[in-house]
Amino acid sequence: MIVDTIGELRLGPGTNALRSVVLQLLDDGYRNVLLNLRDVRHIDSSGVGELMSCYTSVRNQGGHLKLMNLSGHVHNLLQLTKLYTIFEVEDDERKAVASFAKADVSN
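Residues numbered from 1 in each chain as written. Predicted model: local features only at pLDDT ≥ 70, side-chain atom pairs only at ≥ 80, totals over all residues. Heavy atoms only, no water.

1. Structural notes on unusual backbone geometry
A negative phi holds for most residues other than glycine; trans holds for most peptide bonds.
And then number 1: The phi dihedral of Asn69 is positive, around 55°, even though this residue is not glycine.
And then number 2: Within the fold, Asn69 resides in the loop between β3 (64–68) and α3 (72–80).
And then number 3: Since its relative accessible area comes to 10%, Asn69 is described here as buried. (Helix = DSSP H or I, 4+ residues; strand = E, 2+ residues; numbered from the N terminus. Buried < 20%, exposed > 50% of the residue type's maximum accessible area, 1.4 Å probe, protein only.)

Here it is as structure tokens:
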């Protein structure tokens with residue numbers, strides 16, 4: 001499932017909406033989630049924490065959460081916080097979707 005994320009991921013509505021969407025997808029049986037962050041302008045520490053929380057929730061359900069189309073700001077933030085080593089990141093949607101098949105085979 002591809003989730004297009006728009007705006008800001010910061011304490012409040014942005015992080016609450018992301019959490020709700022990811023938890024609903026898990027409830028609906030989806031285990032592979034691709035967050036498209038192309039239109040995310042800003043992420044604060046709460047947004048980073050929510051990304052980690054979503055990642056953990058998906059992994060605990062046996063799934064994979066990956067990120068796609070990081071803006072320069074988001075890319076730099078993930079590198080600065082060393083989270084770039086945790087998240088799989090793609091810039092091409094087709095490659096990102098195909099990478100889930102590879103991840104499922106390796107598990």
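Once the structure has been displayed, the description carries forward.
2. Topic: the environment of Tyr84
And then number 1: Position of Tyr84 relative to the elements: it lies in the loop between α3 and β4 (88–90).
And then number 2: Sequence separation between Tyr84 and Tyr30 is 54 residues; the distance between their C-alpha atoms is 24 Å.
And then number 3: With residues up to four places along the chain from it excluded, the contact list for Tyr84 reads Leu70, His75, Leu78, Gln79 and Val89.
And then number 4: A polar side-chain atom of Tyr84 sits 3.5 Å from a polar atom in the side chain of His75. (Contact = heavy atoms within 4.5 Å. Polar contact = N/O pair within 3.5 Å; in protein donor to acceptor, adjacent residues only side chain to side chain.)

3. Describing the side chain of Thr5
And then number 1: With respect to the helices, strands and loops of the structure, Thr5 is situated in strand β1 (residues 2–9).
And then number 2: Relative accessible area serves as the criterion here: at 10%, Thr5 is assigned to the buried category.
And then number 3: Excluding residues within four positions of it along the chain, Thr5 makes contact with Leu35, Asn36, Leu37, Asp39 and Val40.

4. A look at the pairing of strand β2 (residues 32–43)
And then number 1: As paired elements, β1 and β2 share seven bridges and run parallel to each other. Bridge pairing in β2 links Glu8 to His42.
And then number 2: Regarding the hand of the β-α-β motif, the stretch spanning β1, helix α1 (residues 13–27) and β2 is right-handed.
And then number 3: Inspection of the sheet shows β2 paired to β3 by five bridges, in the parallel sense. Opposite Asn36, over in β3, you have Met68 as the bridge partner. (Pairing = 2+ DSSP bridges. Right-handed = clockwise from strand over helix to strand, strands pointing away.)

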